[in-house]
Amino acid sequence: LDEPYNRQDRAIGARLFEFVPWMSSGRGYEVWMNVINTATTFYGKEIKGITGSWKNTYCDNTIIPVEENGNVKYVISLIEDVTEKVLARKQREEQA
(Lines give C-alpha, C1' and ligand atoms only; values in the text may rest on other atoms or scores of the structure.)
Protein backbone atom coordinates (compact mmCIF):
# COMPACT_ATOMS: atom_id res chain seq x y z
CA LEU A 1 0.00 0.00 0.00
CA ASP A 2 0.99 3.61 -0.48
CA GLU A 3 2.01 6.06 2.25
CA PRO A 4 0.65 6.60 4.84
CA TYR A 5 -1.43 3.42 4.79
CA ASN A 6 1.58 1.11 4.92
CA ARG A 7 2.97 2.46 8.20
CA GLN A 8 1.95 0.95 11.53
CA ASP A 9 2.89 4.08 13.44
CA ARG A 10 0.33 6.03 11.39
CA ALA A 11 -2.42 3.42 11.45
CA ILE A 12 -2.56 1.75 14.86
CA GLY A 13 -4.58 3.82 17.29
CA ALA A 14 -5.45 6.48 14.72
CA ARG A 15 -8.96 7.82 14.30
CA LEU A 16 -10.32 6.62 10.96
CA PHE A 17 -11.39 9.95 9.53
CA GLU A 18 -8.07 11.59 10.42
CA PHE A 19 -6.11 8.73 8.89
CA VAL A 20 -8.36 8.33 5.82
CA PRO A 21 -10.12 11.70 5.35
CA TRP A 22 -11.86 10.67 2.12
CA MET A 23 -13.82 8.10 4.17
CA SER A 24 -15.71 10.83 6.02
CA SER A 25 -18.67 10.60 3.62
CA GLY A 26 -20.29 8.25 1.13
CA ARG A 27 -20.69 4.48 1.14
CA GLY A 28 -17.46 3.83 3.07
CA TYR A 29 -18.63 6.12 5.87
CA GLU A 30 -22.00 4.36 5.99
CA VAL A 31 -20.33 0.94 6.27
CA TRP A 32 -18.01 2.03 9.09
CA MET A 33 -20.79 3.76 11.02
CA ASN A 34 -22.98 0.66 10.70
CA VAL A 35 -20.17 -1.50 12.12
CA ILE A 36 -19.73 0.93 15.01
CA ASN A 37 -23.44 1.45 15.72
CA THR A 38 -24.52 -2.19 15.44
CA ALA A 39 -21.30 -3.97 16.56
CA THR A 40 -21.68 -6.13 13.44
CA THR A 41 -18.73 -7.31 11.35
CA PHE A 42 -18.67 -6.20 7.69
CA TYR A 43 -17.41 -8.55 4.98
CA GLY A 44 -16.70 -6.76 1.69
CA LYS A 45 -15.62 -8.84 -1.29
CA GLU A 46 -13.84 -7.57 -4.39
CA ILE A 47 -14.38 -3.89 -3.61
CA LYS A 48 -13.14 -1.72 -6.45
CA GLY A 49 -10.73 1.01 -5.41
CA ILE A 50 -12.12 4.49 -5.86
CA THR A 51 -9.34 6.91 -5.02
CA GLY A 52 -5.68 7.69 -5.65
CA SER A 53 -3.45 4.87 -6.83
CA TRP A 54 -6.13 2.38 -5.70
CA LYS A 55 -8.41 3.28 -8.63
CA ASN A 56 -7.48 0.16 -10.58
CA THR A 57 -7.45 -2.29 -7.70
CA TYR A 58 -9.81 -4.68 -5.96
CA CYS A 59 -9.71 -5.71 -2.32
CA ASP A 60 -11.53 -7.83 0.21
CA ASN A 61 -12.16 -5.92 3.43
CA THR A 62 -13.27 -7.30 6.77
CA ILE A 63 -14.16 -4.68 9.38
CA ILE A 64 -14.44 -6.09 12.90
CA PRO A 65 -15.81 -4.21 15.91
CA VAL A 66 -14.18 -4.89 19.27
CA GLU A 67 -16.48 -4.27 22.21
CA GLU A 68 -15.63 -3.32 25.75
CA ASN A 69 -18.39 -3.04 28.39
CA GLY A 70 -21.05 -3.31 25.68
CA ASN A 71 -19.66 -0.48 23.54
CA VAL A 72 -17.51 -0.61 20.43
CA LYS A 73 -14.11 0.62 21.59
CA TYR A 74 -11.92 -0.41 18.66
CA VAL A 75 -12.40 -1.36 15.04
CA ILE A 76 -10.03 -3.63 13.13
CA SER A 77 -9.92 -3.51 9.33
CA LEU A 78 -8.22 -6.31 7.42
CA ILE A 79 -7.64 -5.58 3.75
CA GLU A 80 -6.39 -8.07 1.16
CA ASP A 81 -5.46 -7.05 -2.37
CA VAL A 82 -7.32 -9.43 -4.72
CA THR A 83 -6.72 -7.47 -7.94
CA GLU A 84 -4.82 -10.25 -9.73
CA LYS A 85 -7.53 -12.80 -8.90
CA VAL A 86 -10.34 -10.52 -10.12
CA LEU A 87 -8.57 -9.51 -13.35
CA ALA A 88 -7.68 -13.14 -14.15
CA ARG A 89 -11.30 -14.19 -13.65
CA LYS A 90 -12.57 -11.33 -15.83
CA GLN A 91 -10.11 -12.29 -18.55
CA ARG A 92 -11.31 -15.93 -18.46
CA GLU A 93 -14.93 -14.75 -18.64
CA GLU A 94 -14.19 -12.57 -21.68
CA GLN A 95 -12.49 -15.48 -23.46
CA ALA A 96 -15.39 -17.85 -22.81
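Heads up: the structure comes first, above all this text.
If you're wondering where the values come from, they're calculated on a predicted model, not measured in any experiment.

> Would you explain the overall build of the protein chain in this entry?
Across its full length, the protein chain carries four helices and three strands. Taken from the N to the C terminus, the helices and strands of the protein chain come in the order α-α-α-β-β-β-α. Buried positions account for 18% of the 96 residues belonging to the protein chain. Within the protein chain, residue pairs in contact and separated by at least 24 positions form 31% of the contacts whose partners lie at least 6 positions apart. Summing over all exposed atoms, the protein chain offers an accessible surface of approximately 7,200 Å²; the carbon and sulfur share of this is 50%.

> How should I be thinking about the sheet that holds strand S1 (residues 42–48) in this particular structure?
Hydrogen bonding along the main chain pairs the strands of a sheet, whether they run parallel or antiparallel. Taking strand neighbours across the sheet as the criterion, the three strands line up as S1-S2-S3 in an open arrangement whose pairing is antiparallel. Looking along the sheet, the strands with just one partner apiece sit at the ends: S1 and strand S3 (71–81). Ignoring strand direction, the axes of neighbouring strands in this sheet form an average angle of 20°. Direction of pairing for strand S2 (residues 58–68) relative to S3: antiparallel, over a ladder of 10 bridges. The residue of S3 that forms the bridge with Asp-60 is Glu-80.

> Sorry if this is basic, but what is going on with the environment of Glu-84 here?
When you line up the elements, Glu-84 lands in helix H4 (residues 83–95). You can call Glu-84 exposed: its relative accessible area is 73%. Separated by 26 residues in sequence, Glu-84 and Tyr-58 have C-alpha atoms that sit 8.4 Å apart.

> Would you take a moment to explain the pattern of salt bridges for this structure?
Should the charged atoms of two oppositely charged side chains come close, the side chains can pair. Counting across every chain of the model gives four salt bridges. In this structure, Arg-89 and Glu-93 form a salt bridge, with 3.5 Å as the shortest nitrogen-oxygen distance. Linking Arg-89 with Glu-93, this pair stays in helix H4, spanning four residues, or about one helical turn. A single salt-bridge network, built from bridges that share partners, covers Glu-46, Arg-89 and Glu-93.

Analysis parameters
- Residues numbered from 1 in each chain as written.
- Predicted model: local features only at pLDDT ≥ 70, side-chain atom pairs only at ≥ 80, totals over all residues.
- Heavy atoms only, no water.
- Helix = DSSP H or I, 4+ residues; strand = E, 2+ residues; numbered from the N terminus.
- Buried < 20%, exposed > 50% of the residue type's maximum accessible area, 1.4 Å probe, protein only.
- Contact = heavy atoms within 4.5 Å.
- Areas by Shrake-Rupley, 256 points an atom, 1.4 Å probe, with all protein chains shown as cover.
- Pairing = 2+ DSSP bridges.
- Axes fitted to C-alpha atoms, helices over the stretch in contact; angles between N-to-C directions.
- Salt bridge = Lys/Arg side-chain N within 4 Å of Asp/Glu carboxyl O.

Everything listed is a geometric property; what it means functionally is a separate question.
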